[in-house]
Amino acid sequence: MPFYMVRLWLEGPIATPMISGTLFGHLCWAYRWRFGEERFAQWLLELESRPLLISDAMPRGYLPKPLLRTQPRDPEPLEAASLKALKKQPWLSRDQFLRIREHLSEDSLLAALTADEQTRERERAARRSEPFPETTTGMARIPHNTINRLTNRTLQQGGLYFTDEEWPSQAAREREVYVQTVLDPPLLRDLFSLTGKMGYGRDASAGRGQFSVLDIESAPDGLFDAPGSRRMSLSHGSLTPNMVDARYRLHTHFGKVGALYSISAKPFKKPLTLLRPGATFRPADDGPFGELLRGVYSVNPRVVHCAWHLTVPYTEED
């Protein structure tokens, strides 16, 4: 199946992280709205033999930082702070990954991250010299009152709770999503465009999660079609037996059903334990890796969660 890169433009703030399984769910609803319940049910059955593999939405030109075998090192005291900051960096530029993918090690990764940071600093300096410099992407914490549904009033004792929203700057609004699918590009564009118009994630009715599709093009040459003894995930997915010698960080996903099901008395799915993007492993076969999880919503057994991994190959030095 061919690989595509979908370039999105965020029209405003977004209240739900754009992770692979949630993006997949929104595409499912878009497919249902466009073609009806019967054709959508048939498409879900076809996914078992021809899965739709999708990545998280990532900043333009970046991939997750891969989890590698650690190497013992004793940095100089002056280097310790900068080294710690580099290790916390979640992203690695796609160009740097392609440059070092055949001999990845902690040393080559740190050198690539250092080069990325120098590039970002030059870009920040260039923006500061502009007459009206752009602000950086910020996270806003929004307070809400808890409502007593019996009285339809706020609780007397307060009951504030907080939600986080991302408010991207103009320079950070472009996101890239990679997809491997048999769906043709016009249909893929239609599904993503419909999702962006309806709104993605929480508070879509209040204008959150609106985006447009800039372009759909073939994935960059050599990103997916390359030799490698290991693979790195670009998605939030499950751990399956064909993922050997895996290195990963866990994410607990508290999902909710959307659209028509969201108005039910029980909109919450069962919690899922998933691997974060950047997880690495040795493939035991040709995949797919991860799975399409069923039984995640007790009210309706047809609801599924996409926990497949879209992966890129690389070779790690011994």
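Residues numbered from 1 in each chain as written. Predicted model: local features only at pLDDT ≥ 70, side-chain atom pairs only at ≥ 80, totals over all residues. Heavy atoms only, no water.

Q: Teacher, can you tell me more about helix H6 (residues 185–198) here?
A: Residues spaced three or four apart along an α-helix face the same direction, because each turn holds 3.6 residues. End to end, H6 covers 20 Å across 14 residues, agreeing with the expected 20 Å (1.5 Å per residue, within 8%). Residues of H6 that are buried include every one of Leu 187, Leu 188, Leu 191, Phe 192, Leu 194, Thr 195 and Gly 196, and no others. Buried residues in H6 make contact with strand S1 (3–10), helix H1 (20–35), strand S2 (53–54), strand S10 (174–180) and strand S11 (211–218). For H6, the N-terminal capping position is held by Asp 184, with its side-chain oxygen 2.9 Å away from the main-chain nitrogen of Leu 187. Looking one or two residues beyond H6, the residue adopting positive phi is Gly 199, at roughly 100°. (Helix = DSSP H or I, 4+ residues; strand = E, 2+ residues; numbered from the N terminus. Expected span 1.5 Å × (residues − 1). Buried < 20%, exposed > 50% of the residue type's maximum accessible area, 1.4 Å probe, protein only. Contact = heavy atoms within 4.5 Å. Polar contact = N/O pair within 3.5 Å; in protein donor to acceptor, adjacent residues only side chain to side chain.)

Q: Looking at this structure, I do not really get the pattern of salt bridges. What am I missing?
A: Side chains bearing opposite charge may pair, as long as their charged atoms lie close to each other. Here the structure, examined in full by the defined rule, presents 14 salt bridges. The residue Glu 174 makes a salt bridge to Arg 7 at a minimum N-O spacing of 2.9 Å. Of the two residues, Glu 174 is situated in strand S10 and Arg 7 in strand S1; the sequence distance between them amounts to 167 residues. Two residues, Glu 316 and Arg 247, come together in a salt bridge whose shortest N-O distance is 2.9 Å. Placement of the pair is Glu 316 in the segment after strand S19 (311–314) and Arg 247 in strand S13 (residues 243–247), with a sequence separation of 69 residues. The residues Glu 316 and Arg 247 share a single accessibility class, namely buried. Among the charged side chains, a network of salt bridges with common partners joins Arg 69, Arg 230, Asp 245, Arg 247 and Glu 316. (Salt bridge = Lys/Arg side-chain N within 4 Å of Asp/Glu carboxyl O.)

Q: Even after reading the chapter, I still don't get the sheet that holds S19, so can you show me in this structure?
A: Strand pairing in a sheet relies on backbone hydrogen bonds, with the paired strands running either antiparallel or parallel. Taking strand neighbours across the sheet as the criterion, the four strands line up as S13-S16-S12-S19 in an open arrangement whose pairing is antiparallel. Edge positions in the open sheet fall to S13 and S19, since each of these has one partner strand only. Strand-to-strand, the axes of this sheet are offset by a mean angle of 30°, without reference to chain direction. Relative to strand S16 (residues 280–283), S13 is paired through three bridges, and the arrangement is antiparallel. Residue pairing in the sheet places Met 243 in a bridge with Pro 283 of S16. (Pairing = 2+ DSSP bridges. Axes fitted to C-alpha atoms, helices over the stretch in contact; angles between N-to-C directions.)

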